[in-house]
Amino acid sequence: MSGTSLDGIDAALVEIEGAGRTTKVSLIAFESVSYSQEERQVLLALCDRHQSTVDKICRYNVELGKKFAEAAVAVTEKANLTLADVDFISSHGQTIYHMPDHAATFQIGELSVIAEQTGCLTIGDYRPSDMAVGGQGAPLVPFVDDLLFRDETKGRILVNIGGISNLSVLEATGSEKGVLALDTGPGNVLIDAVVQIGSQGENIFDENGSIAASGQVDEKWLQEIVDQDYYLKMDLPKTTGRELYTWEMAERLYEEGREKRLAYEDIVATITAYTVQAISYHIKKVVDPQYDTHELIVAGGGVHNKTILAGLQDNLSQSVRTLDELHFSSDAKEAITFAILGNEYLHGHPNHLPSATGANKEVSMGKLVLPSALTEGEQ
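Throughout what follows, the structure given in this document is the object of discussion. (Residues numbered from 1 in each chain as written. Predicted model: local features only at pLDDT ≥ 70, side-chain atom pairs only at ≥ 80, totals over all residues. Heavy atoms only, no water.)

## Details of empty space enclosed by the protein
The gaps of empty space that remain are located by a probe, the size of a water molecule, rolled over the atoms. Formally: Only protein atoms enter the 1 Å grid, on which a cavity is a set of points fitting a 1.4 Å probe that cannot get out and a pocket is an open set with protein on both sides within 12 Å along at least 5 of 7 lines, lining residues being those with an atom within 4 Å of a point. Grid points are joined across faces, edges and corners, and a volume is the space filled by probe spheres set on the points. Put simply, Ala, Val, Leu, Ile, Met, Phe, Trp, Tyr, Cys and Pro go in the nonpolar bin, Asp, Glu, Lys and Arg in the charged bin, and everything else, Gly too, in the polar bin.
Overall, the coordinates contain one cavity of 30 Å³ or more when judged by the stated rule. Taken as a whole, the largest cavity encloses approximately 30 Å³ of empty space. Lining the largest cavity, in full, are Thr-4, Leu-6, Cys-47, Gln-94, Thr-95, Ile-96, Arg-242 and Glu-243. Tallied by class, the residues present in the lining of the largest cavity amount to three nonpolar, three polar and two charged.

Have a look at this one:
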């Protein structure tokens, strides 16, 4: 898995038992392979329609396929196993552009390269299948949230804070309501960018939220930012990405902060509060009027930002916990999610939630690539 934060590739080696409602998953090993600064800049350019070119997309589709294969090798070796022990690889790829209004999305990281370099059956490119039947191609995580984290007695909101934040609402077991899910807007994407701009590249993210914690939120400016964000007011279903919350937006916000004579720490604090407000806005406006929920469970890279967690607890009536408190890795969650989506695909099961994506029917998302070792009968 590689997300909108563009920080690297997360690889989870898991053991899966069963499928559908009987699914049980255990994490054997987890490895995160960072992108170099050069790779990150290239990917940022690929995500920008003013800088991206077809030759660069073509080339880096292959280069990222190699890097995803390297990540699969690394996590397998970390577990003291070999690729011969691996049944299949499931890859999300790297999103470079997402256009739900046009039923289009594009993830790179060539599946054929992954399959050939690892010798493993490889599944990926999930999102287009959902979009082909009227969905937004996202969010996909709620399908797995529903399989693994629904509680018998209390309603839960699961929030994943990556580059973009998304949430899944799970009422207590037995509820007739479908799973509500949506992207809430910016997660770490603007915070990371503002930190990089303000530190002139010395830092690439706000570790533990310590920079934000040392600053003061400009409440008036924060409200202006929230009021200007049209995505927050859009009707469901809705998804978003780096196409809306761009590097240029971060630059503009940083300059606005400087014009207001705010210190670097105050700018980071205010942009961090923006992420908190975007999540809180949707919970208060969309979730609370319809669903009875007791706790908010946070996963993704943002789980390490203590300022975000404190802000959510201050803004919401639900108790705020991390996924790690449920003995499930916050960092590995999205990678594990796509392993389970791959398992469902191999069983021929639907592996998305139309109630979350807006699709008009269920499908089994994904595309399958067989490595030459399998087609030649060597395994």
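We are not done yet, so read on.
## Considering the pairing of strand E5 (residues 104-108)
Note the following rule: Pairing between strands is defined by DSSP: at least two bridges between the two strands are required. Each helix is a run of H or I in the DSSP string that is no shorter than four residues. Each strand is a run of E no shorter than two, and both are numbered from the N terminus.
One ladder, built from five bridges, connects strand E4 (residues 94-99) with E5; its direction is antiparallel. Residue pairing across strands places Met-99 opposite Ala-104, the latter belonging to E5. Counting the residues that bridge the hairpin from E4 to E5 gives four residues, and of these Ala-103 lies at a positive phi of roughly 55°.

## Some remarks on the sheet that holds strand E7 (residues 156-161)
We apply this condition: A fitted line through C-alpha atoms serves as each axis, taken over the contacting stretch for helices, and the angle formed by two N-to-C directions is quoted from 0 to 180°. Here a residue-residue contact requires only that any non-hydrogen atoms of the pair lie within 4.5 Å.
The mixed open sheet is built from five strands, whose spatial order is E9-E8-E7-E10-E11. Either end of the sheet is taken by a strand with one partner, and the two such strands are strand E9 (180-186) and strand E11 (319-322). Adjacent strand axes in the sheet meet at a mean angle of 25°, parallel and antiparallel pairs treated alike. Strand direction decides the pairing type here: strand E8 (residues 164-170) and E9, joined by six bridges, are antiparallel. Residue pairing for E9: Val-169 is matched across the bridge by Leu-180. Packing of helix H5 (residues 141-149) onto the sheet brings it into contact with E7, E8 and E9, and relative to E8 it is tilted by some 45°.

## Comments concerning helix H8 (residues 219-228)
Put simply, the rule reads: Each residue's exposure class comes from its accessible area (1.4 Å probe, protein chains only) as a fraction of the maximum for that residue type: buried when under 20%, exposed when over 50%, partly exposed otherwise. In this context, the arc is that of the directions from the helix axis out to the C-beta atoms.
By the burial criterion, the buried members of H8 are Trp-221, Leu-222, Ile-225 and Val-226. Here the buried residues of H8 occupy an arc of 140° about the axis, which is enough to place them on one side. In H8, the exposed positions that point more than 90 degrees away from the buried face belong to Lys-220 and Gln-228. Contacts made by the buried residues of H8 are with helix H9 (230-233), helix H10 (247-259) and helix H11 (264-287).

## Details of the packing of helix H6 (residues 189-198) against H11
When two helices pack together, their arrangement is given by the angle between the helix axes and the distance between those axes. Put simply, the rule reads: Here is the rule for angles: anything less than 35 degrees is roughly parallel, anything more than 145 is roughly antiparallel, 65 through 115 is roughly perpendicular, and the remaining ranges are oblique.
Contact geometry of H6 with H11 gives a least axis separation of 9 Å together with a crossing angle of 170°. Judged by the angle between their axes, H6 and H11 are roughly antiparallel. Residue-level inspection shows Leu-190, Ile-191, Val-194, Val-195 and Gly-198 of H6 in contact with H11, the latter providing Tyr-264, Ile-267, Val-268, Ile-271, Thr-272, Tyr-274 and Thr-275. Looking at the contact of H6 with H11, its residues break down into nine nonpolar, three polar and no charged.

## So, the sheet that holds strand E3 (residues 89-91)
Taken in spatial order, the three strands of this open sheet run E3-E6-E12, and their pairing is mixed. Two strands in the sheet have a free side with no partner beyond their single neighbour: E3 and strand E12 (367-369). The average angle at which neighbouring strand axes cross in this sheet is 25°, direction not considered.

## Side note on the environment of Asp-288
Quick reminder of the rule: Here a polar contact means two N or O atoms within 3.5 Å. Within protein one must be a hydrogen donor candidate and the other an acceptor candidate, and residues neighboring in sequence count only if both atoms are side-chain atoms.
One can find Asp-288 in the loop between H11 and strand E10 (295-299). It is 10.0 Å that separates the C-alpha atoms of Asp-288 and Leu-316, two residues lying 28 residues apart in sequence. Not counting chain neighbours up to four residues away, the residues in contact with Asp-288 comprise Ile-283, Thr-293 and Gln-318. There is a polar contact of 2.9 Å between the side chain of Asp-288 and the side chain of Gln-318.

## Let's talk about unusual backbone geometry
That bond from Ala-138 to Pro-139 is cis: its omega, -10°, falls within 30 degrees of zero. Positionally, Pro-139 belongs in the loop between helix H4 (127-131) and H5. Pro-237 follows Leu-236 through a cis peptide bond whose omega is -5°. Here Pro-237 is to be found in the loop between H9 and H10. The residue Ala-103 is not glycine, and still its phi comes out positive at about 55°. Mapped onto the secondary structure, Ala-103 falls in the loop between E4 and E5.

Don't take any of this as a statement about function, it's just geometry.
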